[in-house]
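# Descriptive analysis of the structure
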Amino acid sequence: MNSIFHWHCWRRDISNFALLKYRDFDGFLITMQHAGTHWLKYMMSTAIANQLDLSPPRYIHNASSNDFIGHPKHQRLYAHAPRIASSHSIPHALLDSLFVRSMVSFPRYAILVRDVRAALVSNYEKWKSRYDVPFSEYLRGDTSGKRYVMDIWWCLHFLNRWSRVRKRFPDDTLILRYEQLLEDPVAEIRRVFAHFGISISDTHIVDAVDAGSRQKMANILDPNDPVRNIIRDDPRPANPWFTTDDMRFFKKTVERFLLEDYGYDYA
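All values derive from a computational prediction rather than experimental measurement. (Residues numbered from 1 in each chain as written. Predicted model: local features only at pLDDT ≥ 70, side-chain atom pairs only at ≥ 80, totals over all residues. Heavy atoms only, no water.)

Attention shifts here to the overall build of the protein. Secondary structure summary: the protein contains 13 helices and five strands in total. Over its C-alpha atoms the protein spans a radius of gyration of 18 Å, differing by no more than 12% from the 18 Å that the globule rule assigns to 267 residues. A principal-axis box enclosing the C-alpha atoms of the protein has dimensions of 55 × 45 × 30 Å. Taking all 267 residues of the protein together, the buried fraction comes to 55%. (Helix = DSSP H or I, 4+ residues; strand = E, 2+ residues; numbered from the N terminus. Rg over C-alpha atoms; globule rule 2.2 N^0.38 Å. Buried < 20%, exposed > 50% of the residue type's maximum accessible area, 1.4 Å probe, protein only.)

Membership of the largest hydrophobic core comes to 83 residues, with the highest contact counts inside it found for M32, M44, F158, W162, F193 and F250. Of all the elements, helix 8 (residues 152-168) adds the most residues to this core, at nine residues. Non-local contacts of F193, meaning those with residues more than four positions away in its chain, are made with M44, A47, I48, I84, I198, I200 and I205. (Core = buried A, V, L, I, M, F, W, Y, C linked by side-chain atoms within 4.5 Å. Contact = heavy atoms within 4.5 Å.)

As a further point, take the pairing of strand 4 (residues 109-113). Regular strands have side chains that alternate between both faces of the sheet. Among the five residues that make up strand 4, five are buried, leaving the element largely enclosed by the rest of the structure. The side-chain alternation of strand 4 yields two buried faces, one formed by Y109, I111 and V113 and the other by A110 and L112. Looking at chain direction, strand 1 (residues 27-31) and strand 4 are connected through four bridges and run parallel. For T31, the partnering residue across the bridge sits in strand 4 and is L112. Summarising the sheet, strand 4 and strand 5 (residues 173-177) pair through five bridges and their orientation is parallel. (Pairing = 2+ DSSP bridges.)

Here we come to the layout of surface pockets. As a volume, the second largest pocket reaches approximately 320 Å³. Elements with a minimum of two residues in the lining of the second largest pocket: helix 1 (2-13), helix 8 and helix 13 (244-257). Looking at the lining of the second largest pocket element by element, the count peaks at five residues for helix 1. Classifying every residue of the lining of the second largest pocket gives six nonpolar, three polar and five charged. (1 Å grid on protein atoms, 1.4 Å probe; cavity = no way out; pocket = protein on both sides within 12 Å on 5 of 7 lines; lining within 4 Å. Points joined across faces, edges and corners; volume = space filled by probe spheres on them. Nonpolar A, V, L, I, M, F, W, Y, C, P; charged D, E, K, R; others polar.)

Another aspect to go through is the side chain of H8. With respect to the helices and strands, the residue H8 is situated in helix 1. The buried category is assigned to H8, whose relative accessible area is 10%. If sequence neighbours within four positions are ignored, H8 has contacts with T143, S144 and G145.

Take the packing of aromatic side chains next. All told, the structure shown has 19 aromatic pairs when counted by the stated rule. Taking 5.3 Å as the distance between ring centres and 15 degrees as the angle between the ring planes, the aromatic pair formed by Y131 and Y138 counts as stacked. An identical accessibility class is assigned to Y131 and Y138; each is buried. Plain terms: the ring middles of F242 and F250 are 6.1 Å apart, the flat faces sit at 75 degrees to each other, and that makes the pair edge-to-face. When sorted by exposure, F242 lands in the same class as F250, which is buried. An aromatic cluster is defined as three or more aromatic residues linked by ring pairs; in this entry it consists of Y124, Y131, F135, Y138, Y148, F242, F250, Y264 and Y266. (Phe/Tyr/Trp six-rings, centres within 6.5 Å; stacked < 30°, edge-to-face > 60°.)

Let us now look at the pattern of salt bridges. With the rule as written, the count across this model stands at 15 salt bridges. Where R140 meets D246, a salt bridge forms, and the shortest distance between an N and an O atom there is 2.7 Å. Here D246 lies in helix 13 and R140 lies in helix 7 (residues 135-140), a separation of 106 residues in the sequence. Residue D245 is joined to R248 by a salt bridge in which the shortest nitrogen-to-oxygen separation is 2.6 Å. Note that D245 and R248 are positioned in helix 13 at a spacing of three residues, about one turn of the helix. (Salt bridge = Lys/Arg side-chain N within 4 Å of Asp/Glu carboxyl O.)

On to the sheet that holds strand 2 (residues 69-70), then. If you trace the five strands from one edge of the open sheet to the other, you get 2-3-1-4-5, paired in parallel fashion. Two strands in the sheet have a free side with no partner beyond their single neighbour: strand 2 and strand 5. Here four bridges tie strand 1 to strand 3 (residues 84-87), and the two strands are oriented parallel to one another. Looking across to strand 3, one finds that L29 is bridged to S86. With respect to the sheet, helix 8 is in contact with strand 1, strand 4 and strand 5, its orientation differing from that of strand 4 by roughly 145 degrees. (Axes fitted to C-alpha atoms, helices over the stretch in contact; angles between N-to-C directions.)

Encoded structure:
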């Protein structure tokens, strides 16, 4: 398992050129899957729209929120708006190269992470009909990365790679925790904009957080989008999903492979 996992990580680390290619942005929002991406993007997009007197996203789904914060390939809709990209991308090995950074400019990155246990439960609940396996089988994952949309091995790879980037370039890499975003979204969104060097008034941030309440977001789901369960859920790890053996496997795997716990208690 050790060699398979590290081989897969190395292969991905030298083949994913996206973040090396897309660099012309005021900021780059990198989010762990199932860590509140849609919610954060919607609130930030709404704050930008309010600041510039533009219409906020119509829906919370990507097709709408991409108007302000989208995939780096997407065409810029408002030329005078801040240019912010969003991705779940795991960086190429050269992104944390001191030599490359000395030769090429990169945007600042804000990395949104979440307790891996809760993220795994959220992913499983979203895709369990497609996976068609018990949670215990899903939890053990697939080191090749082919069987599941996201699993424990993807999470470990994502967290380890961004940990290395942050340690080498701490001033350019901001870490956000989903649980802190739930506790004080105004403060966390303010941190992101400040990190990107984007000036947004507190009034517009507060209004955007209000617009991003659970109740209001439930009313702006795109009726043509089949994905319905993107409203944020309970931030606590869902212990009923984990058997004693599952928890033993999880703790052993995290202890062996995760380089940084990001402040979470996995012991």
